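Reading the structure
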Amino acid sequence: MQSWTESGQEMAEEVRRQLQEIGWGDFYYFEETDSTNTQAKKLALQGAAHGSLVLANQQTAGKGRRGRMWESPRDSGIFMTFLLRPQIEMEKISMLTLVAALAISKAVEEVCGCEWNCQIKWPNDLVMNRKKICGILTEMGTEGSKLQYVVVGIGINVAQQQFPEELKETATSLCQQTQRPIVRAKLVEAAVRAFRQFYEQWEKQGDLSLLRREYEEKLVNRNREVLVLDPKGNYTGTARGITDTGELLVCTKEGETREVRSGEVSVRGIYGYV
């Protein structure tokens, strides 16, 4: 039977070595945990450093957006969380999801090869051949009106060859797509390097203006008809790109351009997931 990726311990040892060279925060590894986001929050309250990385080989209660579970079987994926302490206003934190998506897209293509186009489904999913390979969940901790920390959780399907019935039509993995083994440690290293680069650009600028063009080039929704699931009433339109602060620009059939905020609505393709 073909081995599609390395063991958890092999991954952890190599990631630890690589992160010592990068020198950004501390590294915490769990062979099994409930959720790397949950662990990162605990570590944040214990004083863990900005730029720290929490990595697990398996999650028993992985978190997805809107309270969904994230499938996290052993030796199959990358389940990791960045712990950050940005010096920036709380209302800007949602942009970090887009920063992370751009970084993971770049890392996937670096490791798999640029011929494997890794696109972004606004705001927090990455897709390959119109199927989801990665989800991102950003959460923050506050004390009163003061921001204490932000955790950016990332789940990447690497070696899975099968998915539950309800996910078969929308999910895939890197190994399933490329049909070759993927070394998870290399992907983690590439992700850390890319995320740090984009994060520092975002924090310095205070918005996505320096990253907007690159993000839009990866945006699978761009110039496609989308269905916006809005609590105030669903509507359709054509996605045109994003604003400097990360809202999706949707042009309705009436010619109105609306700015869609990620915390308020969901966006789907008219005829499927994207």
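A brief report on the enclosed structure follows. (Residues numbered from 1 in each chain as written. Predicted model: local features only at pLDDT ≥ 70, side-chain atom pairs only at ≥ 80, totals over all residues. Heavy atoms only, no water.)

As for the side chain of Ser35
You can see Ser35 is positioned in the loop between strand S1 (27-30) and helix H2 (36-45). Overall, the relative accessible area of 2% leaves Ser35 in the buried class. Within the structure, the side chain of Ser35 is placed 3.2 Å from the backbone nitrogen of Asn37, a separation counted as a polar contact. (Helix = DSSP H or I, 4+ residues; strand = E, 2+ residues; numbered from the N terminus. Buried < 20%, exposed > 50% of the residue type's maximum accessible area, 1.4 Å probe, protein only. Polar contact = N/O pair within 3.5 Å; in protein donor to acceptor, adjacent residues only side chain to side chain.)

Re the state of the cysteines
In this structure the tally under the stated criterion is zero disulfides. The thiol of Cys175 is not disulfide-bonded; the next cysteine sulfur, from Cys112, is found 7.9 Å away. Using a relative accessible area of 0% as the deciding quantity, one classes Cys175 as buried. (Disulfide = S-S within 2.5 Å.)

Some words on the pairing of strand S10 (residues 248-252)
As a general feature of sheets, a regular strand has side chains that alternate between the two faces. The buried fraction of S10 amounts to four of the five residues, a majority that puts the element mostly inside the structure. Bridge count between strand S9 (residues 235-242) and S10: five bridges; the pairing is antiparallel. The partner of Thr238 across the bridge, within S10, is Cys251. Sheet topology note: the S10/strand S11 (residues 257-260) ladder contains four bridges and is antiparallel. Looking at S11, one finds that Val250 is bridged to Arg258. Linking S10 back to S11 in an antiparallel pair, the connection comprises four residues, with Gly255 at a positive phi of about 90 degrees. (Pairing = 2+ DSSP bridges.)

Observations regarding the pattern of salt bridges
Think of it this way: side chains of opposite charge can pair up when their charged atoms draw near. Under the counting rule described, the total for this entry stands at 20 salt bridges. Among the salt bridges present, the one from Glu139 reaches Lys41, with a minimum N-O distance of 3.2 Å. Highlighted residues: Glu139 in strand S6 (residues 131-143) and Lys41 in helix H2, separated in sequence by 98 residues. Residue classification places Lys41 among the partly exposed positions, given a relative accessible area of 21%. (Salt bridge = Lys/Arg side-chain N within 4 Å of Asp/Glu carboxyl O.)

Some words on the sheet that holds S1
Strands sit in the order S1-S2-S3-S7-S6-S5-S4 across an open sheet of seven strands; the sheet is mixed. In this open sheet, the two edge strands, each paired with only one partner strand, are S1 and strand S4 (119-121). Within the sheet, the average angular offset between the axes of one strand and its neighbour, ignoring direction, is 20 degrees. Taken together, the eight bridges between strand S3 (residues 77-84) and strand S7 (residues 146-157) define a ladder with antiparallel strand orientation. Its bridge partner lying in S7, Ile78 is registered against Ile156. Sheet strands touched by helix H3 (residues 95-112): S3, S4, strand S5 (125-128), S6 and S7. Its angle to S6, the strand with the most contacts, is close to 145 degrees. (Axes fitted to C-alpha atoms, helices over the stretch in contact; angles between N-to-C directions. Contact = heavy atoms within 4.5 Å.)

A closer look at the environment of Lys132
Along the chain, Lys132 turns up in strand S6. Residues Lys132 and Ala191, spaced 59 residues apart in sequence, show a C-alpha to C-alpha distance of 17 Å. In this structure the side chain of Lys132 is engaged in a polar contact, spanning 3.2 Å, whose partner is the side chain of Asp125.

What to know about the nonpolar core
In this structure, Met80, Phe82, Leu96, Ile154, Leu174, Phe195 and Trp202 are the most contacted members of the largest nonpolar core, which totals 72 residues. Looking at which element gives the most residues to this core, the answer is H3, with twelve residues. For Leu96, the contacting residues outside a window of four places in its chain are Leu84, Thr138, Val150, Val152, Phe195, Tyr199 and Trp202. Core analysis: the second largest hydrophobic core is formed by eight residues, Ala40, Leu43, Ala48 and Val54 among them. (Core = buried A, V, L, I, M, F, W, Y, C linked by side-chain atoms within 4.5 Å.)

Focus on helix H5 (residues 184-205)
Between its first and last C-alpha atoms H5 spans 31 Å; for 22 residues at 1.5 Å apiece the expected length is 32 Å, and the two agree. Directly beyond the C-terminal end of H5, a positive phi value near 85 degrees is found at Gly206. (Expected span 1.5 Å × (residues − 1).)

Here's the deal with the sheet that holds strand S8 (residues 225-229)
Strand order in the open sheet formed by five strands is S11-S10-S9-S8-S12, and the pairing between neighbours is antiparallel. On the outer flanks of this sheet lie S11 and strand S12 (266-269), each paired with one strand and no other. Put simply, the sheet's adjacent strands are angled 45 degrees from each other on average, direction ignored.

A word on unusual backbone geometry
Note the cis peptide between Trp122 and Pro123, where omega equals 0 degrees. Along the chain, the position of Pro123 falls in the loop between S4 and S5. A positive phi angle, near 55 degrees, is found at Asp75, a position not held by glycine. Relative accessible area serves as the criterion here: at 33%, Asp75 is assigned to the partly exposed category. Phi at Asn223 is positive, roughly 65 degrees, even though this residue is not glycine. For Asn223, the location among the structural elements is in the loop between helix H6 (212-218) and S8.

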